[in-house]
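Results of the structural survey
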Amino acid sequence: MSTTHTIVVNRQPHRVTVDHYETPLLYVLRDDLGLKGTRFGCGNGSCGSCTVLVDGHAERSCELPVWSIEGKSVTTIEGLGTLDRPHPLQRALIDFQAGQCGYCLSGIIMTAAELIGTGAEPSREKIVAALDANLCRCGAHTRIVKAIEAAWKASIQGAAR
Amino acid sequence: MTEPKLPWSVQENPLLCQWIDLSEPGIARVFSAKVEIGQGIVTAVTQIAAEELRLPMSKVVVVSGDTRCCPNESYTAGSMSIEIGGTSVRMACAEARKAIVERAARMLDAEESRVTADGGLILLDGAPSRLDYWQVAGEVDWKRPITGTAPFTAPESSTYLGRNVARLDLPAKVAGAAFIHDLELPGMLHGRVLRPPSYGARLGSLDRSAVEHLPGVVKIWQSGDFVGVCCEREYQAVKALEALRVGAAWIESEVSSDTRSWRELLPTLRSIDSETEAGERLAGAANVRRLSATYSRPPIAHASMAPSCAVAIYDEGRLTVWTNSQGVFPLRGALASALGLDEARVAVIHVQGAGVYGHNGADDVALDAALLARQVPSRPVRIQWNREDELAWSPLGSPMVVEIESAVSPAGDIVDWSTEIWSGPHGQRPRARGPVNLLAAAHVDPPIPFPEAYEVLSGFAGGARNSEPGYDMPHRKIVLHSLPGLPFRTSALRTLGGYANVFATESFMDELADAAGADPVEFRLRYLSDPRARRVIETAVRLAGWQSNAERGTGRASGIGFARYKNTAAYVAVIANVEVHQDVRVAKVVGAVDAGLVINPDGVVNQIEGGILQSISWTLKEQVVFDGRRVTTRTWEEYPILRFDEVPELEVGLIERPDCPPLGVGEAAQGPAAAAVANAVARALDFRIRDLPITRERIVAASAAASA
């Protein structure tokens, strides 16, 4: 039986109808809202490709039923920044050429966005710990960590201006 | 005058118009069948084209992997995209510029020596003339063959070659839609395929009743052991697949009941054997010390971050497929054969996917999409595999056993060398053997089964790649036992046999050095007269601060590995520092690479870094488990890969040789990195683990054996 839900994604409210009550947020984002930057990797929350922010916290959208985010605010990679106005994390990943295939990057950016959003300086250990459940197969890890460190510095400078 | 040597891609696609199109003012379209698989090739090819056309990169559009307009360059594989594909584009673009300048000189009625080209303008005596490229292009005969006689831009005067140009594809990938998975066509259906539970399984019965009335189900199609479903929306397809799985009754059978380790099992299997021998055993050496050792690696998975995905539409007898296959032309042929279509009625178009490290499921899912698209004519069908099928049904990297035997004289001379390899085939790509070679083709009725596959040393022998030790030796013998009867499908995975063969050769070089009482670095240099090989080792040694007299068995040590990939591509030396307690922690890795002329230095460094890290993941963590019926490692929990907290500090030194031809790097670091880690672990523990991966269980078992 189909159900209808009101959800807020990237500050915009949407009414979405799903055929299966447990439909994960990931499919609504990609198919109903056309937000393709959130990616399917494994379907059980173990690779991090589908990470979004829910009220500022990094969550796996592949196993998060859409009903569970009613009344909460979802941010996807598209809401974080655009090519014209990139978020410091997006900017830094490009600056450091921190990627090869790039499939894991939007999930990694969203995980790092929670860390950076706290405002506290993330040590390398904290970055690595935060990314513990994000996988990268191409081996871009060291550049990604360096980019996140640089993004934090850039975000602090940006906030100070 | 001798004819210039044309790269294979130009020989196959000899006309300028097959490579370049200047019909749209202000834009140079350059065609290549070498596709982006995460390695940065499109950026590098754009650099090359812009350089030789003397155009800004913004005016060059590289169209890659489209059977409708690109040259047929077969596969993007074997670390040959820059060597062959890049050189071909370079040759075509240099020749295009030459043709334009020649024509412009006639149009301006001027001596050719007075005419040059820059930024799309035709210059006369260094000043802009009334002509630009595109005005002249209309007057050039583009159907002329490429001769290879136009000079290349000299590296020292180049604008883009050897420069760190940022990847053109990366911005889109950090901002939103960028992949085949994100393609959305009007009216597109979402499909799923129900794979058998195991290799030998046959479909006994299928109850469709619980599926037909699910929301959004448009088509359920069964043919033989192939079952697919198409739905209006993606999650509907996920649910429909779940219901199909419940309704399917499979008859399973064991395909192999042998549970021995790969080291024990492979040499007992039926094999097709071939051998080569060169040189003479060193005569007259007395009191030689003879050594032999056997190494193994398990089957490994591509384990791409994304499950395989493709989109197809079948309309009025024509099939169009969007795919991230490494070979759009061979795939076109395989699809046409599988579907009984004329090849001219099939178009295959590359769209970027997640990292491709060889022959994964990208081709198979293209046939899945094509089969289902034919059931719902004129509607595009998007098929995506799930994680479990991705890990279980993509072709695997073959398990291998490598036995090396050699002898050293008291003076430290290597007397002889023989390598014996047991391996499944590494080349079962579409059309590599038989007309199809695609998964679903073996499941539909009537099936097109996979032909028996094996390799011989006189032909394509992926299992023997890098089996030839790259050292100066009087004699070597290589024996390949190719195993056609492995109970699962194996094919090309980054380096093919090169990873296991370099791991074995370089481990054995350390064992020989120990026997000779020599330092591993000094011992290798004794047998290397190639100055480029020496220089990468010396560079790595310098960067890593190698200590030759380091104590053994302390739990901390360094190890070295070296190889020239395929004995013809880039030279790489790797030094790893490890700490071993029960687990191996790789603390720091230093690599040095000589790839000849480098188009994009940061791109090369990125490839080497990635190659090192992927190799550490293979070496310490990865093994596909097969229980006699099926692959049981189907999730990231069952098939773990390297995590962020296991990543070492990395440093890569690049030796630039702009006067040498460019050499492929995508697969150059994996073998040396594995050997460096294994050799470091052996020094740290003072005993050696010769079976990969080097896990805690293996260390504990080997430790018990060593102290017994």
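These figures come from a predicted structure and were not determined experimentally.

Once that is clear, we can look at the overall build of chain B. Helix and strand counts for chain B stand at 17 helices and 24 strands. Projected onto its principal axes, the C-alpha positions of chain B cover 80 × 75 × 45 Å. When burial is assessed residue by residue, chain B has 56% of its 708 residues classed as buried. In chain B, the proportion of contacts linking residues at least 24 apart, taken out of those at least 6 apart, comes to 79%.

Secondary structure summary: chain A contains 6 helices and 5 strands in total. In sequence order, the secondary structure elements of chain A are arranged as β-β-α-β-β-β-α-α-α-α-α. Since a compact globule built from 161 residues should have a radius of gyration of about 15 Å, the 16 Å found for chain A is in line with a globular shape. The dimensions of chain A, computed from C-alpha atoms along their principal axes, are 50 × 35 × 25 Å. Of all 161 residues assigned to chain A, the portion counted as buried reaches 55%. Across chain A, the fraction of contacts at a sequence separation of at least 24, relative to all contacts at a separation of at least 6, is 60%.

Time to look at the interface of chain A and chain B. In this assembly, 43 residues from chain A lie in contact with 47 residues from chain B. For the side of chain A that touches chain B, a count of residues per class yields 17 nonpolar, 19 polar and 7 charged.

Quick look at unusual backbone geometry now. Here the bond from Asp445(B) into Pro446(B) is cis, since omega is -5°, no more than 30 degrees from zero. Residue placement: Pro446(B) occurs in the loop between strand E19 (414-423) and strand E20 (475-482). The linkage connecting Leu692(B) with the following residue, Pro693(B), adopts the cis geometry, with an omega of -5°. Even without glycine at this site, Asp55(A) takes up a positive phi of about 50°.

This next bit is on the sheet that holds strand E3 (residues 60-64) of chain B. The strands making up a sheet are joined through hydrogen bonds of the backbone, oriented either antiparallel or parallel. Residues and elements named next belong to chain B. The 3 strands are arranged E1-E2-E3 in an open sheet whose pairing can be described as mixed. Two strands in the sheet have a free side with no partner beyond their single neighbour: strand E1 (20-21) and E3. The strands touched by helix H2 (residues 41-53) within the sheet are strand E2 (28-32) and E3, with E3 carrying the most contacts at an inclination of about 135°.

Moving on to the pairing of strand E4 (residues 115-118) of chain B. All names here are of chain B. Where burial is concerned, the two faces of E4 differ: the one with Val 115 and Ala 117 is buried and the one with Thr 116 and Asp 118 is not. Alignment of E4 against strand E5 (residues 121-124), held across 4 bridges, turns out to be antiparallel. Residue pairing across strands places Asp 118 opposite Leu 121, the latter belonging to E5.

Further remarks concern helix H16 (residues 670-685) of chain B. Residues spaced three or four apart along an α-helix point in a common direction, a consequence of the helix completing one turn every 3.6 residues. Residues and elements named next belong to chain B. In this model H16 runs 23 Å from its N-terminal to its C-terminal C-alpha over 16 residues, within 8% of the 22 Å that 1.5 Å per residue would give. Most of H16 is tucked away: 16 of the 16 residues are buried. Backbone geometry just after H16 places Asp 686 at a positive phi near 65°.

In this section: the sheet that holds E5(B). Residues and elements named next belong to chain B. If you trace the 3 strands from one edge of the open sheet to the other, you get E4-E5-E6, paired in antiparallel fashion. Edge positions in the sheet fall to E4 and strand E6 (127-132), since each has one partner strand and no second. Pairwise comparison of adjacent strand axes, ignoring direction, gives a mean angle of 40° for this sheet. Pairing of E5 with E6, which is carried by 3 bridges, proceeds in the antiparallel orientation.

Summary statistics for chain B give a mean pLDDT of 95 and a share of 100% for residues scoring 70 or more. Scored by ipTM, the complex comes to 0.97, with pTM at 0.97.

What follows covers the pairing of strand E1 (residues 3-9) of chain A. All names here are of chain A. One ladder, built from 7 bridges, connects E1 with strand E2 (residues 12-18); its direction is antiparallel. Across the sheet, residue Val 9 finds its bridge partner in E2, namely Gln 12. Taking the residues that link successive antiparallel strands as the turn, the E1-E2 hairpin has 2 residues, and the phi of Asn 10 there is positive, at about 50°. By the bridge criterion, 2 bridges tie E1 to strand E5 (residues 73-75) in an arrangement that is parallel. Bridging from a neighbouring strand, Val 9 pairs with Val 74 of E5.

A word on the packing of helix H3 (residues 88-95) of chain A against helix H4 (residues 105-117) of chain A. Residue and element names in this part refer to chain A. Across the interface, H3 lies against H4 with an axial gap of 10 Å and an inter-helix angle of 125°. On the basis of the axis angle, H3 is oblique to H4. Where H3 crosses over H4, the handedness of that crossing is right-handed. Seen from H3, the contacting residues are Leu 89, Gln 90 and Leu 93; seen from H4, they are Leu 105, Ile 109, Ala 112, Ala 113 and Ile 116.

Here we come to the packing of helix H15 (residues 601-621) of chain B against H16(B). Residue and element names in this part refer to chain B. In the contact formed by H15 and H16, the axes pass within 8 Å of each other and the chain directions differ by 50°. Here H15 lies oblique to H16, going by the angle between them. Between H15 and H16 lies a crossing whose hand is right-handed. Residues Gly 611, Ile 612, Gln 614, Ser 615, Ile 616, Trp 618 and Thr 619 of H15 pack against Gln 670, Ala 673, Ala 674, Val 677 and Ala 678 of H16.

All names here are of chain B. Note that Ile 349 resides in strand E16 (residues 346-350). Here Ile 349 falls in the buried class, since 21 other C-beta atoms lie within 10 Å of it. Distance in space between the C-alpha atoms of Ile 349 and Ser 64 is 8.5 Å, their sequence separation being 285 residues. Here Ile 349 is in contact with Asp 66, Thr 320 and Trp 322, once residues within four sequence places are set aside.

Residue and element names in this part refer to chain A. Between its first and last C-alpha atoms H4 spans 18 Å; for 13 residues at 1.5 Å apiece the expected length is 18 Å, and the two agree. In terms of burial, H4 is a largely internal element, 10 of the 13 residues being buried. Here H4 has its buried residues at Leu 105, Ser 106, Gly 107, Ile 108, Ile 109, Met 110, Thr 111, Ala 112, Ala 113 and Ile 116. Following H4 by one or two positions, Gly 119 adopts a phi angle in the positive range, close to 85°.

Right, let's talk about the environment of Ile641(B) for a bit. The topology assignment puts Ile641(B) in the loop between H15 and strand E24 (649-655). Accessibility expressed as a C-beta count within 10 Å gives 22 for Ile641(B), which makes it buried. Once the C-alpha coordinates of Ile641(B) and Leu214(B) are considered, the two residues, 427 residues apart in sequence, prove to be 37 Å apart. Setting aside chain neighbours within four positions, we find Ile641(B) in contact with Leu135(A), Arg137(A), Ala303(B), Ser617(B), Lys621(B) and Glu622(B).

Now for the environment of Ala570(B). Residues and elements named next belong to chain B. The topology assignment puts Ala 570 in the loop between strand E21 (556-564) and strand E22 (571-580). Spatially, the C-alpha atoms of Ala 570 and Gly 596 are 7.4 Å apart, while their sequence positions differ by 26 residues. With residues up to four places along the chain from it excluded, the contact list for Ala 570 reads Tyr 565, Val 593, Asp 594, Ala 595, Leu 663, Gly 664, Val 665 and Ala 668.

Analysis parameters
- Residues numbered from 1 in each chain as written.
- Chains lettered and ligands numbered in written order.
- Predicted model: local features only at pLDDT ≥ 70, side-chain atom pairs only at ≥ 80, totals over all residues.
- Helix = DSSP H or I, 4+ residues; strand = E, 2+ residues; numbered from the N terminus.
- Buried ≥ 20, exposed ≤ 12 C-beta atoms within 10 Å, placed from the backbone.
- Contact = placed C-beta atoms within 7 Å.
- Rg over C-alpha atoms; globule rule 2.2 N^0.38 Å.
- Nonpolar A, V, L, I, M, F, W, Y, C, P; charged D, E, K, R; others polar.
- Pairing = 2+ DSSP bridges.
- Axes fitted to C-alpha atoms, helices over the stretch in contact; angles between N-to-C directions.
- Expected span 1.5 Å × (residues − 1).
- pLDDT = per-residue confidence, 0-100.
- Parallel < 35°, antiparallel > 145°, perpendicular 65-115°, else oblique.
- Left-handed = near helix turned anticlockwise from the far one by under 90°.

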